[in-house]
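Topology and contacts: notes
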Amino acid sequence: MTNNTAAVPTVGFIGLGNMGSGMTRNLQKSGFPLVVTDIRREAAAELIAGGARWADTAAEVAAQSDLVITMLPTPRHVDAVVNGPTGILAGIRDEGTWIDMSTSVPDVSAAVRRDHADRGLRILDAPVSGMSVGAANGMLQIFVGGEAEDVERLRPVFEAMGDPERIIHVGAAGAGYAVKLMINQLWFSHLVATAEVLAVGVKAGVDLEVLRRSLIASPANSNFLENDVLSILDHGDYDEGFAIALACKDLGLSIDLARSVNVPVELSATVEQVYRRAKAQYGDLAGEMTPVKLYEDLARTELRRAGTTADAAVPA
C-alpha cells in the first residue's frame, strides 16, 4: 500500500474506454503515478509503456493506490467493480478515497456510505462533460459532489483532467450525479427540438442557414443551435464517438432520478422515446446526434448548409 502523505498520490483508475483513456493519459502527463485496470488489457498498453502499473482486479488497484477513480458505462458496472471479493471495497484502506466519475445515480455510492460507515471512506461523485475530445485535451467540465475539504484536497487531480475554470463543487454527495444528468437531459432536449424546427422550416421552403441565423438572432437561441449542430449541417457527423445506446442509458437515468424525487417529466419522457426510436432504427452504435437523422428521414431532406455536403433529398 502506498503512503497517503506522499506529495504526489498514486491514482488508481478503473475504466479505460473513450473517456477514461484520455483522462488517464492526462493524469500521466501531469506526473501522477497510475495503477490501472480494464476489461481489455490492450487498452492500457500506452499507459503501461509510460510507466503505469497494471492490476488484474479492482481490489488490487485499490490496494496499490492512494485514491481510486472509476469511469464506467452504467451504475450496474460501477456496482460490480465496487463490491464483491475482487471489488474496490476489498482492497481500499480505511479512510481511503473513491471518486466515481461515471454518469450514474447516487444509489451505489450511497449504499457504500451506509454499509461501510465505520471505515471512514471519502467518497465523491464527479461526473464530467466535454465528450471524448475534452477528455483527450484535458479540458473536461467536472461537477463534484462531496465534502468541500475533499474537493480542495483533490483539486490537482481534477485539474489534470479538466478545465480549472470549470471544475465546480456543486454540493453534497450525489449532487454531481444530479447536475450531470440534468445537463444531459437539457442537451438532448435541445437536440430533438432543434431537429424538429429545422426539418419543419426547411420543408416549408425556408433556406436552412437563413432559418438557423433567424433562430440565433431570436430569444429561442441555444448553444446547440449556434455550435453543436454544425457538425451535422457541415459534415454529416452525428458524433459516433458517443453511442446512442449510452445516450438512451443517460436519458433513462435522468427519468429515474425525476421519478425518485416525484417530479413529472412529460417532455423528458418524450425526448427519451425519440432517442429510443432512433436507436431502434439506426442501431446501438449510431452517434448520439442520430435523432437529427431520424427527422431528416421523416422529412426526406438532409439538413446541410450550402457549400458543405451537398443537399439531397432522401430517397423514398
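Residues numbered from 1 in each chain as written. Predicted model: local features only at pLDDT ≥ 70, side-chain atom pairs only at ≥ 80, totals over all residues. Heavy atoms only, no water.

**Focus: the overall build of the protein chain**
Condition: In this description a helix means any DSSP run of H or I spanning at least four residues, a strand means any run of E spanning at least two, and both kinds are numbered starting from the N terminus. Categorising residues by exposure relies on relative accessible area from a 1.4 Å probe, with only protein chains included: less than 20% of the type maximum marks a residue as buried, more than 50% marks it as exposed, and the intermediate range marks it as partly exposed. Note on areas: these come from Shrake-Rupley sampling with a 1.4 Å probe, and a residue is covered only by the protein chains present in the view. Just so you know, the count uses Lys and Arg for positive and Asp and Glu for negative, and it drops His and the chain ends. Just so you know, the charge point we use is NZ for Lys, CZ for Arg, CG for Asp and CD for Glu.
From N to C terminus, the protein chain includes 16 helices and 9 strands. Dimensions of the protein chain, computed from C-alpha atoms along their principal axes, come out at roughly 65 × 45 × 35 Å. A buried classification covers 51% of the 316 residues belonging to the protein chain. Only carbon and sulfur atoms are counted for the fraction: they give 55% of the accessible area of the protein chain, which is about 14,500 Å². The averaged location of the 40 negative side-chain charges in the protein chain is 2 Å from the averaged location of its 27 positive side-chain charges.

**A few points about the side chain of Asn-184**
The test is simple: When checking whether two residues touch, look at their non-hydrogen atoms; a contact exists if any pair is within 4.5 Å.
In this structure, Asn-184 sits in helix α10 (residues 175-203). Taking the relative accessible area as the measure of exposure, Asn-184 reaches 10% and is therefore buried. Among residues more than four places away in sequence, those in contact with Asn-184 are Thr-103 and Asp-250.

**What to know about the pairing of strand β4 (residues 67-70)**
Stated precisely, the cut-off is as follows: When DSSP finds two or more bridges between a pair of strands, those strands are recorded as paired.
Alternating positions in β4 separate into two faces, Leu-67 and Ile-69 on one and Val-68 and Thr-70 on the other, with burial throughout. Of the strand pairs in this sheet, strand β1 (residues 11-14) and β4 are connected by 4 bridges, and their pairing is parallel. Residue Gly-12 lies in a different strand from β4, and its bridge partner there is Val-68. Relative to strand β5 (residues 97-100), β4 is paired through 4 bridges, and the arrangement is parallel. Across the sheet, Ile-69 pairs through a bridge with Ile-99, a residue of β5.

**Some points on the packing of α10 against helix α14 (residues 244-260)**
What counts, and what does not: Note on definitions: angles span 0 to 180 degrees between N-to-C directions of axes, and those axes are lines fitted to C-alpha atoms, for helices only across the stretch in contact. Here is the rule for handedness: rotate from the far helix to the near one, and if that takes an anticlockwise turn smaller than a right angle the crossing is left-handed, while a clockwise turn gives right-handed. Here the term charged refers only to Asp, Glu, Lys and Arg, the term nonpolar to Ala, Val, Leu, Ile, Met, Phe, Trp, Tyr, Cys and Pro, and the term polar to all other amino acids, Gly among them.
Remark: α10 packs on α14, axes separated minimally by 9 Å, with the N-to-C direction vectors making an angle of 115 degrees. With respect to the hand of their crossing, α10 and α14 are arranged in left-handed fashion. Each of Ala-178, Leu-181, Met-182, Asn-184, Gln-185 and Phe-188 in α10 lies in contact with α14, whose residues at this interface are Ala-247, Asp-250, Leu-251, Leu-253, Ser-254 and Leu-257. Looking at the contact of α10 with α14 residue by residue, the classes come out as 8 nonpolar, 3 polar and 1 charged.

**With respect to unusual backbone geometry**
With glycine set apart, most residues show a phi of negative sign, and most peptide bonds adopt trans. Despite not being glycine, Asn-262 has its phi angle at roughly 65 degrees, a positive value. Structurally, Asn-262 can be placed in the loop between α14 and α15 (266-282). Looking at Asn-262, the relative accessible area reads 68%, which means it is exposed. Phi at Arg-300 takes a positive value of approximately 55 degrees, unusual for a residue other than glycine.

**Description of the packing of α10 against helix α16 (residues 291-299)**
Inclusion rule: Angle categories are assigned with fixed cut-offs, so that under 35 degrees is roughly parallel, over 145 is roughly antiparallel, 65 to 115 is roughly perpendicular, and the rest are oblique.
Orientation of α10 relative to α16, taken along the N-to-C sense of each, is 25 degrees, at an axis distance of 9 Å. When the interaxial angle is binned, α10 and α16 end up roughly parallel. The crossing of α10 and α16 is right-handed. Taken together, the residues of α16 that come into contact with α10 (itself represented by Leu-191, Val-192, Ala-195, Glu-196, Ala-199 and Lys-203) are Pro-291, Val-292, Tyr-295 and Ala-299. Each residue belonging to the contact of α10 with α16 can be placed in one class, and the counts come to 8 nonpolar, no polar and 2 charged.

**Comments concerning the packing of aromatic side chains**
As a reminder of what qualifies: By convention, a stacked pair of Phe, Tyr or Trp rings (six-membered ring in the case of Trp) has centres within 6.5 Å and planes under 30 degrees apart, an edge-to-face pair has planes over 60 apart, and any other such pair is tilted.
What the rule picks out here adds up to 3 aromatic pairs. A ring pair is formed by Trp-187 and Phe-224, whose centres lie 5.3 Å apart and whose planes are at 80 degrees; its orientation type is edge-to-face. Taken as a pair, Trp-187 in helix α10 and Phe-224 in helix α12 (residues 223-228) lie far apart in primary sequence, 37 residues in all. With respect to class, Trp-187 is no different from Phe-224; both count as buried. Within the aromatic cluster, the residues linked to one another by ring pairs are Trp-187, Phe-188, Phe-224 and Tyr-275.

**Quick word on α15**
To keep it simple, the criterion reads: Multiplying one less than the number of residues by 1.5 Å gives the expected span of a helix. Directions from the helix axis toward the C-beta atoms define the arc.
In this model, α15 (17 residues) spans 25 Å end to end at C-alpha, consistent with the 24 Å of a helix rising 1.5 Å per residue. Within the span of α15, buried status applies to Ser-268, Val-271, Glu-272, Val-274, Tyr-275 and Ala-278. Viewed end-on, α15 has its buried residues packed into an arc of 160 degrees, placing them on one side of the element. Away from its buried face by more than 90 degrees, α15 exposes Glu-266 and Ala-280. Looking at the packing, one finds that the buried side of α15 touches α10, α14 and α16.

Note that every value here comes from positions in space, so none of it alone points to a role or purpose.
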